[in-house]
Structure formats: C-alpha cells, structure tokens
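Understanding the architecture of this molecule
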Amino acid sequence: MNAGRARLSVVGAGLIGCRHAAAIAASTRSKLACIVDPAPAAEEIARDHGVDRLQSLEAMLERKDVDGVILATPNHLHAEGALACIEAGLPVLIEKPITDSVEDGRRVVGAAQSKGLAIATGHHRRHNPLIARAKSLIDEGRLGTIASVHGTTWLIKPDDYFNTEWRRKKGAGPVYINLIHDIDLLQYFCGPVAEVQAMESHAIRGNEVEDTAVILLRFASGVLGTVNVCDTAVAPWSWELTARENPAYPATQEDCYRIAGTHGSLSLPNLTLWTNPGTRSWWEPIGATRFPFGFEDPLVRQIDQFAAVILDGETPLAGGRDGLAALEVVEAVKTAAATGGPVRLIR
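Residues numbered from 1 in each chain as written. Predicted model: local features only at pLDDT ≥ 70, side-chain atom pairs only at ≥ 80, totals over all residues. Heavy atoms only, no water.

On a plain count of helices and strands, the protein chain comes out with 9 helices and 15 strands. In summary, the protein chain has a C-alpha radius of gyration of 20 Å against a globular reference of 20 Å for 347 residues, a match within 12%. Expressed along its principal axes, the backbone C-alpha trace of the protein chain runs to roughly 70 × 50 × 40 Å. Within the protein chain, contacts between residues at least 6 apart in sequence are counted, and of these 65% link residues at least 24 apart. Just so you have it, the protein chain exposes about 15,700 Å², and 53% of that area is on carbon and sulfur atoms. Charge separation in the protein chain, taken as the distance between the mean sites of 34 positive and 41 negative side-chain charges, equals 4 Å. (Helix = DSSP H or I, 4+ residues; strand = E, 2+ residues; numbered from the N terminus. Rg over C-alpha atoms; globule rule 2.2 N^0.38 Å. Contact = heavy atoms within 4.5 Å. Areas by Shrake-Rupley, 256 points an atom, 1.4 Å probe, with all protein chains shown as cover. Lys, Arg positive; Asp, Glu negative; His and termini not counted. Charge placed at Lys NZ, Arg CZ, Asp CG, Glu CD.)

Structure follows, in structure tokens:
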C-alpha cells in the first residue's frame, strides 16, 4: 500500500461538494488540493479549508498538484467535466447520477476505458459498514434464494430546497436524485434489472420534475421488486431518516428496504434478519436477529477507497459501469412512466 496521500480537487462547492471537502479533511489517505467553483461563496469555503479557490475546471487542469477529482457539479455538467478530467489523465469520482443521460454516461465510461483510467461513481451507500454486512449475509446464503425486494423513499423536501432552479428542472427530481441510490443498492444485492414498469406524478408541486413515482422491477435473476419514492410526504421511511449517515437528518428506528429470501428476510438499515428457527413455515415461530455494524462515515470511507484507487490501483467499489447501470434503470423508469408500458433493458 502506498503510504502517501492522494491530492484531490473538489469541483462544485454546493451541499455535497462541501461534504466531500469535509470528508477529505477527515481522511487518512487524501488531502484537499483546491476547490473549483465560480460562485463567490466558494472563496470562503476554500479559505476555511486552507486551499485555493479556482473559478474554472480548466484552471484546475493546468495545476500539477492534483492526483484526482471529485466532480460535484450540477448533473447536466457531469459529462463535460468528467470527459475533461479523463482527457487530462485524472481519475475522477463523479457524483451520481454519473451523467444526465445514458448516451453521455456511455461516452464517459468508454473514454475512461480507452484511457485505461479508473473512474468511480458517488454511490456512497455501498461504503456504509451496514451495507457491507448486508452484502456478506446475502453472499453467505443466509437469506437462501432472494425472491423479492422492496424499497421506500418517502421524505419531505422543504420549499426553499427548490429555490435553486436546476432542482426544478428535468433530470433533478427524486427519481434521479434519490431513487438512483436505491436502484444502485438493489442491483448490488440482487444483480442487474432486466425490465421496468413505472408511474410518476408532479401533482403536488407542479414542477417540471416529478415529486412521486412507483416502480416495478424484474431482475435478470427472476427476482421481482417494488420501489416507491416521494419527496413531498412527511414520513420516516427513507434512507436519510433511518440510516443515520448524515447528522443533518433526524434519525428514526424505522426501515426502508426489505429483502425477502427462501430461508430468511432482511430489513435495512436496521440489519435485522427474520428466520424460522426450525421448519420453514408460516405456522412456525419466527425470530429476528439484529447484527451489529459500525457507524463510520460512508463519505470518508468512499474518499479513502478512491485514494486507494489512485495510489494502490484498487478497483472502485462503485465504478463507472455501476453508475451507468443505475442510470440505465432510472432512464428506463422515466421512459416507462412516460409511455405507460414496460421497458426492457438490453446490456
């Protein structure tokens, strides 16, 4: 293992960009090289971290003290920024969604492959210790054969969240912003999605983007799944209000994912496995086992792993192809909702 620290630039000093900068500060394997954002407010953020604030990606690419890039710009700028970093030979961690279209996502993944360059996608939930434990339980066969999955993302985004114009525009609704995390995890657990059906609505806020969507999933393995996402409901059943990842959100004891298997079923993020102690039957007693897990910050773990990708040649836990696979499902959801029919994914 390389004992050095990866020098990382954060491009985009919005909410998630600031969290990435804080994660780099907490990392033992990286350090912040600079912040890139044309907004005047970024100057104070950079000053707080003791680094330069640059106004353009081009200015950052001219520097010689950057080993990798965290791209946390608005979604529609992801492709352009990622391609510029790849052309410059810089590994890049792209916030989700990897791009705002599958076509652009394929261009980015293809460009990185042509360069032999590692890229990562900001599906940080994979780095959560409880997700690592859940994946090991599944891989160990503790659930038997997975038959069905369900995910819920119900939460209320306050009105001032939408004061930022791009959050009201195409590509920025809860399907792209929130559901894409759920899709990534469900594919991480259950394999690729093969078919999608969906409905969505923007009846509550009337924005260009949806505020509610319901989705049916058929996985290539035969697993069937349902997901319900709504960002205009006062409710506790979302990753944000159950996983305790971000202290900005009030924590509850509820769950938001359920994975049903022939020998047991798992609820997350409380990491509870339900099984029959004896014969598998609805007539028999059923018991719950809650597994312990750590509370290390997934964003810091993600930064540490990205540093290991740069310094040690590790494979990203959530690579560019994983980000593209999640985006393909999300675009299939949008198409299914628009057409009213099923959409099959060809991979």
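The next subject is the nonpolar core. If you look at soluble globular proteins, the nonpolar side chains tend to sit buried side by side. Membership of the largest hydrophobic core comes to 72 residues, with the highest contact counts inside it found for M60, F189, V196, I215, L217 and L268. Of all the elements, helix α7 (residues 174-190) adds the most residues to this core, at 10 residues. Filtering out sequence-adjacent residues up to four positions away, F189 remains in contact with I131, A134, K135, I138, I146, I259 and L268. Grouped together as the second largest cluster of nonpolar side chains are 22 residues, I70, A120, L299 and V309 included. (Core = buried A, V, L, I, M, F, W, Y, C linked by side-chain atoms within 4.5 Å. Buried < 20%, exposed > 50% of the residue type's maximum accessible area, 1.4 Å probe, protein only.)

With that settled, the discussion passes to the packing of helix α1 (residues 15-26) against helix α8 (residues 298-312). Each pair of packed helices can be summarised by the angle the axes make with each other and by the distance between the axes. Where α1 contacts α8, the two axes come as close as 9 Å, and the packing angle between them is 70°. In terms of orientation, α1 lies roughly perpendicular with respect to α8. Between α1 and α8 the crossing geometry is right-handed. Between α1 and α8, the residues in contact are I16, R19, H20, A23, I24 and A26 and L299, V300, Q302 and I303, respectively. In the contact of α1 with α8, the residues fall into 7 nonpolar, 2 polar and 1 charged. (Axes fitted to C-alpha atoms, helices over the stretch in contact; angles between N-to-C directions. Parallel < 35°, antiparallel > 145°, perpendicular 65-115°, else oblique. Left-handed = near helix turned anticlockwise from the far one by under 90°. Nonpolar A, V, L, I, M, F, W, Y, C, P; charged D, E, K, R; others polar.)

So, about the sheet that holds strand β4 (residues 68-71). Paired through their backbone hydrogen bonds, the strands of a sheet run either parallel or antiparallel. Reading across from one edge, β3-β2-β1-β4-β5-β6 is the order of the 6 strands in this open sheet, with parallel pairing throughout. Every other strand in the sheet has two partners, leaving β3 (52-54) and β6 (119-121) as the edge strands with one partner each. Averaged over neighbouring strand pairs, the angle between their axes works out to 25° when direction is ignored. In the sheet, β4 pairs with strand β5 (residues 92-94) via 3 bridges, with the strands oriented parallel. Bridging from a neighbouring strand, L71 pairs with I94 of β5. (Pairing = 2+ DSSP bridges.)

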